[in-house]
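So the chains spell out like this:
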Amino acid sequence: MQIDFRDITKEYEQQVKALDNISFGIERGEFVFIVGESGAGKTTLIKLLIKEEEPTAGQILFDDVDLSAILKDDISQLRRRVGVVFQDFKLLESKDVFENVAIALDVVDSNDDVIKNVVPNVLSLVGLTHKMHSPPSKLSGGEKQRVSIARALAHEPDVLIADEPTGMIDPKSAMEIMEILEKINSLGTTVVMATHNRDIVDSFKKRVIRLEKGKIISDKKKGTYAQ
Amino acid sequence: MHNKYIKNAFNNIKKEKLLSITNIIVMGITFLLLGVFLSVVVLTQTVLRDFERQAQVTIFFKDEIPENKILEIETKLKSDERIFATNYISKEEAFNIFKELNKDDPVLLESVTSSILPASLEVQAKDLSSLPRLAEEFKGLDGVEEVRFFEDVISRFKKFSTVVYSIGFVLVFLFLVISYAVVLSTLRMTINSKGVELEIIKLVGARNSYVKMPLMYQGLFYGFISSLISGFILFVIIIVLSKLGNFPASFGVGFFPNLSISHFVFAILLWLILIISGCVLGYFGSLFAVKKYLKY
Ligand SMILES: Nc1ncnc2c1ncn2[C@@H]1O[C@H](COP(=O)(O)OP(=O)(O)OP(=O)(O)O)[C@@H](O)[C@H]1O
Ligand SMILES: [Mg+2]
């Protein structure tokens, strides 16, 4: 088991449970959809996994390491093994596309040669080579999403987590992004994707975990959006 | 590793030219005001101290005491720690002074010869408050006829100068706090303006030092450059004014009667104080401001 959620509860405010006592595991190399209505707790689940938030109760194991035992100074180690595509992109507005991707390598002390090599590669993987030196403000939603994916992939993470990567883009771009994710998964990277997109979930026939009001109401191998 | 952080700091500075220049100007003006203020306080206290030193005890000697005996006493007094200066006035000099003072009154002058007036020693203390004690001691010296000083004037002046010294120190302290606060909030605004980016960089796997060290070097740079420039301006002003002869011979600070600093040393000290403040504030002020973005 690579990722193991055990009896996790998360309350942002007293009595309001974003996640309510959930348990599940994800194997290495799996492709998992997390689906559910807005407010069901998908983003919260992802935040817990990269220690952007702490669970109120329960335990999360990542390769058998208890996340609550990871010290503040070592969080960066965890984050380097997990690539995250954020729902709101989280791009650096003051930097161009190249620099936005390069930062993921720079923070792990890759040298300049590696950066000059890897960044164009991942950018070509997401089809953005021609926008290498544009600022994020000049990109469409789909393009921003692809920069965000390129950044998440740059340091070759064990796990890629994508929070509604197709949420703000047209169906054609969405399919392109899904192809990228599937390709990454076929190369051995675990992919966890939160989504609202029924068509995508139904056409991929992967494992589907459905959240509702912070609880898991179904978890099926080769599931569909409607179960 | 630190080379990279320094490189990132300078890249930021270059990229944020306008912000950097604004920061250096704001911090520079603050340091300049701080320096001017410190100088004015020191100057006030020096002037006051010079006044204090002009207050004197006069020792009048009995007629039969020979001049060499008095000069001997003077030599002894000169080596006393508490004494700033002494001045011997012989009978003849006393008479000359007397003549000068009363030159419009020939009748009076007729009746006086140099032998009536006593020889005396004028003694100035480094610290006003030691005058009464010194006067008491002089009374016990051999051959002393009378010891005279203006006790009530001196004690009133002493109270006044103590108040001025105290106010000076309080004001310096307040102004230090105020200027430090201005510098800190400048740095904090700079860092808050990129708070979101700092959080993102952490989320993609940066360790804390990756986020904070470039900012600390950046703050160090702003602090160093701004204090260097304002310190230099003050240095030039002080040296020019000193060359023009606008200052007392040397600077002193209240409550430290033995302290006497040359203009040059003062200007250098002030410059150093500003640079140290600038560097420490820039470096640790940035750390302080960035802390809240390192929580997760
Ligand atoms: N920082 C926060 N403070 C307080 N409450 C929060 C916070 N973040 C999320 N919540 C609440 O937690 C619940 C779950 O939110 P979460 O963002 O995980 O939902 P989601 O499934 O990602 O929704 P969406 O599909 O709209 O992105 C919601 O009720 C939300 O209001
Ligand atoms: Mg969400």
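Residues numbered from 1 in each chain as written. Chains lettered and ligands numbered in written order. Predicted model: local features only at pLDDT ≥ 70, side-chain atom pairs only at ≥ 80, totals over all residues. Heavy atoms only, no water.

Looking at an unreviewed UniProt entry, one finds chain B named Cell division protein FtsX and attributed to candidate division WWE3 bacterium RBG_19FT_COMBO_34_6. Listed in UniProt under the heading Sequence similarities (unreviewed entry), the comment for chain B reads: "Belongs to the ABC-4 integral membrane protein family. FtsX subfamily." The Subcellular location (unreviewed entry) comment attached to chain B in UniProt states, word for word, "Cell membrane". (UniProt positions renumbered as here; feature names shortened; annotations may be inferred.)

With an unreviewed UniProt entry as reference, chain A is termed Cell division ATP-binding protein FtsE, source organism candidate division WWE3 bacterium RBG_19FT_COMBO_34_6. As its UniProt record puts it under Sequence similarities (unreviewed entry), chain A is described as follows: "Belongs to the ABC transporter superfamily." Among the UniProt annotations of chain A, the heading Subcellular location (unreviewed entry) holds the following wording: "Cell membrane".

(A) Fine view of the UniProt feature "transmembrane region" (unreviewed entry) in chain B. Residues and elements named next belong to chain B. The sites that carry the UniProt feature "transmembrane region" (unreviewed entry) are, in the present numbering, residues 21-43, 163-184, 220-241 and 261-290. Helix and strand shares over residues 21-43 are 100% and 0% respectively, and the end C-alpha atoms of the span are 32 Å apart. In this annotation, residues 261-290 is assigned 93% helix and 0% strand; the end-to-end C-alpha distance for the span is 40 Å. (Helix = DSSP H or I, 4+ residues; strand = E, 2+ residues; numbered from the N terminus.)

(B) Examining unusual backbone geometry more closely. All names here are of chain A. One non-glycine residue with positive phi stands out, namely K51, at about 60°. Take K51: it is sitting in the loop between α1 (42-49) and β4 (57-62). Judged by its relative accessible area of 7%, K51 falls in the buried class. Despite not being glycine, E164 shows a phi value in the positive range, around 45°. Looking at where E164 falls in the secondary structure, it is placed in the loop between β7 (159-163) and α6 (171-186). Using a relative accessible area of 11% as the deciding quantity, one classes E164 as buried. (Buried < 20%, exposed > 50% of the residue type's maximum accessible area, 1.4 Å probe, protein only.)

(C) Fine view of the layout of surface pockets. In this structure, the largest pocket spans a volume of roughly 930 Å³. Along its surface, the largest pocket is lined by 30 residues, and K95 and I103 of chain A together with N8, N11 and N12 of chain B are the ones closest to its centre. Those elements that provide at least two residues to the lining of the largest pocket are α3 (97-106) and α4 (112-125) of chain A together with α1 (2-15), α8 (195-203) and α9 (208-243) of chain B. Considering every element that reaches the lining of the largest pocket, the biggest residue donor is α1 of chain B, with six residues. The residue inventory of the lining of the largest pocket, partitioned by class, reads 11 nonpolar, eight polar and 11 charged. There is about 490 Å³ of room inside the second largest pocket. Q56, T58, F60, E122 and F150 of chain B are, among the 21 residues lining the second largest pocket, the residues nearest its centre. Sort the elements by how many residues they give to the lining of the second largest pocket and helix α4 (residues 91-101) of chain B lands first, with four residues. Residue composition of the lining of the second largest pocket, by class: 15 nonpolar, three polar and three charged. (1 Å grid on protein atoms, 1.4 Å probe; cavity = no way out; pocket = protein on both sides within 12 Å on 5 of 7 lines; lining within 4 Å. Points joined across faces, edges and corners; volume = space filled by probe spheres on them. Nonpolar A, V, L, I, M, F, W, Y, C, P; charged D, E, K, R; others polar.)

(D) View of the packing of aromatic side chains. All names here are of chain B. A complete count under the given rule lists 13 aromatic pairs over all chains for this structure. Note on F37 and F175: the rings are 4.7 Å apart at their centroids and 20° apart in plane angle, and the pair reads as stacked. You can see F37 sitting in helix α2 (residues 17-54) and its partner F175 sitting in helix α7 (residues 151-192), a full 138 residues away along the chain. Assessed through its relative accessible area of 23%, F37 is described here as partly exposed. Given the relative accessible area of 21%, F175 is considered partly exposed. Measuring from centroid to centroid gives 5.3 Å for F235 and W271, while their planes differ by 40°, and the two rings are tilted. Here W271 lies in helix α10 (residues 263-290) and F235 lies in helix α9, a separation of 36 residues in the sequence. (Phe/Tyr/Trp six-rings, centres within 6.5 Å; stacked < 30°, edge-to-face > 60°.)

(E) Looking closely at the nonpolar core. All names here are of chain A. Within the largest apolar cluster, 42 residues are counted, with the highest numbers of intra-cluster contacts made by F33, V101, V119, L123, L160, M178 and L181. Secondary-structure elements contributing two or more residues to this core are β3 (31-35), α3, α4, α5 (141-154), β7, α6, β8 (190-195) and α7 (198-204). Contact partners of V101, with chain neighbours within four places excluded, come to V119, V122, L123, V147, A150, R151 and A154. Residues I3, F5, I22 and F62 belong to the second largest nonpolar core, which totals 31 residues. (Core = buried A, V, L, I, M, F, W, Y, C linked by side-chain atoms within 4.5 Å. Contact = heavy atoms within 4.5 Å.)

(F) Broad picture of the site of ligand 1. Residues and elements named next belong to chain A. Around ligand 1 there are 14 residues in total, and S38, G39, K42, T43 and T44 lie nearest to it. Contacts to ligand 1 include G41, whose backbone N or O atom sits 2.9 Å from an oxygen atom. Within the side chain of K42, one N or O atom sits 2.8 Å away from an oxygen atom of ligand 1. For ligand 1, whose free accessible area comes to 640 Å², the fraction covered by protein is 65%. Class assignment of the residues belonging to the shell around ligand 1 gives a composition of three nonpolar, seven polar and four charged. (Near = heavy atom within 4 Å. Polar contact = N/O pair within 3.5 Å; in protein donor to acceptor, adjacent residues only side chain to side chain. Areas by Shrake-Rupley, 256 points an atom, 1.4 Å probe, with all protein chains shown as cover.)

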